[in-house]
Amino acid sequence: MKVNVNAVNFAADRKLVDFVQLRMDKLDKYYDKIVSSDVFFKVENTSDKENKIVEVKIHVPGDELLVKKKCKTFEAALELAAESLERQLLKRKEKVRI
C-alpha cells in the first residue's frame, strides 16, 4: 500500500516514517483492496501533555475512511488510529460481502 506521510510544521524523522509504513502495511490483512493512505502529524500548541495529533485517511474503492486521534506521542496516537481503522475495515468488508 502507498503511504503518504505529512508532518505539519515540523520534520518527521526516519524512525517515525518507518513505523508508520510498518503499521499501515498490517491493515492489508483486514481489507486487501486499500488503494493508499495519507497520514498527517500535527502538534497542538497547548500546555496539555496530550498535544500530538494523528489523522489517517485511507482510500478504498468508492470511499474514504478517516480517523483522528490525540495522544502524548505520535506512536501511541497512530496505534489507536490503526486499531480504529481495523474495526472500520472489518465492518466495510462485511458490508461488501452482503
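Everything here concerns the structure above.
Residues numbered from 1 in each chain as written. Predicted model: local features only at pLDDT ≥ 70, side-chain atom pairs only at ≥ 80, totals over all residues. Heavy atoms only, no water.

Asks: Even after reading the chapter, I still don't get the side chain of Glu 86, so can you show me in this structure?
Replies: Structurally, Glu 86 can be placed in helix α2 (residues 74–97). The residues touching Glu 86, leaving out its near neighbours within four places in the chain, are Arg 23, Leu 27 and Tyr 30. (Helix = DSSP H or I, 4+ residues; strand = E, 2+ residues; numbered from the N terminus. Contact = heavy atoms within 4.5 Å.)

Asks: Which parts of the structure should I look at to understand the nonpolar core?
Replies: Proteins that are soluble and globular tend to have nonpolar side chains buried together. Counting 22 residues, the largest nonpolar core has Met 24, Val 39, Val 54, Val 56 and Ile 58 as its most contacted members. Counting residues per element, the ones that place at least two in this core are α1 (14–25), β2 (36–43), β3 (52–60), β4 (63–71) and α2. For this core, the leading source of residues is α2, giving six residues. With sequence-adjacent residues up to four places away left out, Val 39 is seen in contact with Val 3, Asn 4, Val 5, Asn 6, Val 20, Met 24, Val 54, Glu 55, Val 56 and Leu 78. (Core = buried A, V, L, I, M, F, W, Y, C linked by side-chain atoms within 4.5 Å. Buried < 20%, exposed > 50% of the residue type's maximum accessible area, 1.4 Å probe, protein only.)

Asks: Help me out: how do you make sense of the pattern of salt bridges in this one?
Replies: Two side chains carrying opposite charge are able to pair once their charged atoms lie near each other. Per the counting criterion, the structure on display carries eight salt bridges. Arg 23 is the salt-bridge partner of Glu 86, the closest N and O atoms lying 2.9 Å from each other. With Glu 86 in helix α2 and Arg 23 in helix α1, this residue pair connects regions lying 63 residues apart in the sequence. When its relative accessible area of 7% is taken as the criterion, Arg 23 is described as buried. A network of salt bridges, in which partner residues are shared, links Arg 23, Glu 79 and Glu 86. (Salt bridge = Lys/Arg side-chain N within 4 Å of Asp/Glu carboxyl O.)

Asks: Mind showing me how you'd approach the environment of Lys 93 here?
Replies: Within the secondary structure layout, Lys 93 lies in helix α2. For the pair Lys 93 and Lys 33, spaced 60 residues apart in sequence, the C-alpha separation works out to 9.6 Å. With residues near it in sequence (within four places) discarded, Lys 93 still touches Lys 29, Tyr 30 and Tyr 31. Polar side-chain contacts of Lys 93 include one of 3.5 Å to the backbone oxygen of Tyr 30. (Polar contact = N/O pair within 3.5 Å; in protein donor to acceptor, adjacent residues only side chain to side chain.)

Asks: Looking at this structure, I do not really get the packing of aromatic side chains. What am I missing?
Replies: The relation between two aromatic rings is expressed through the spacing of the ring centres and the mutual angle of the planes. Inspection of every chain in the model, using the stated rule, returns two aromatic pairs. Their ring planes at 10 degrees and their centres at 5.3 Å tell us that Phe 10 and Phe 74 sit as a pair that is stacked. Here Phe 10 is found in the loop between β1 (2–7) and α1, whereas its partner Phe 74 is found in helix α2, with 64 residues between them in sequence. A network of ring pairs unites the aromatic residues Phe 10, Phe 41 and Phe 74 as a single cluster. (Phe/Tyr/Trp six-rings, centres within 6.5 Å; stacked < 30°, edge-to-face > 60°.)

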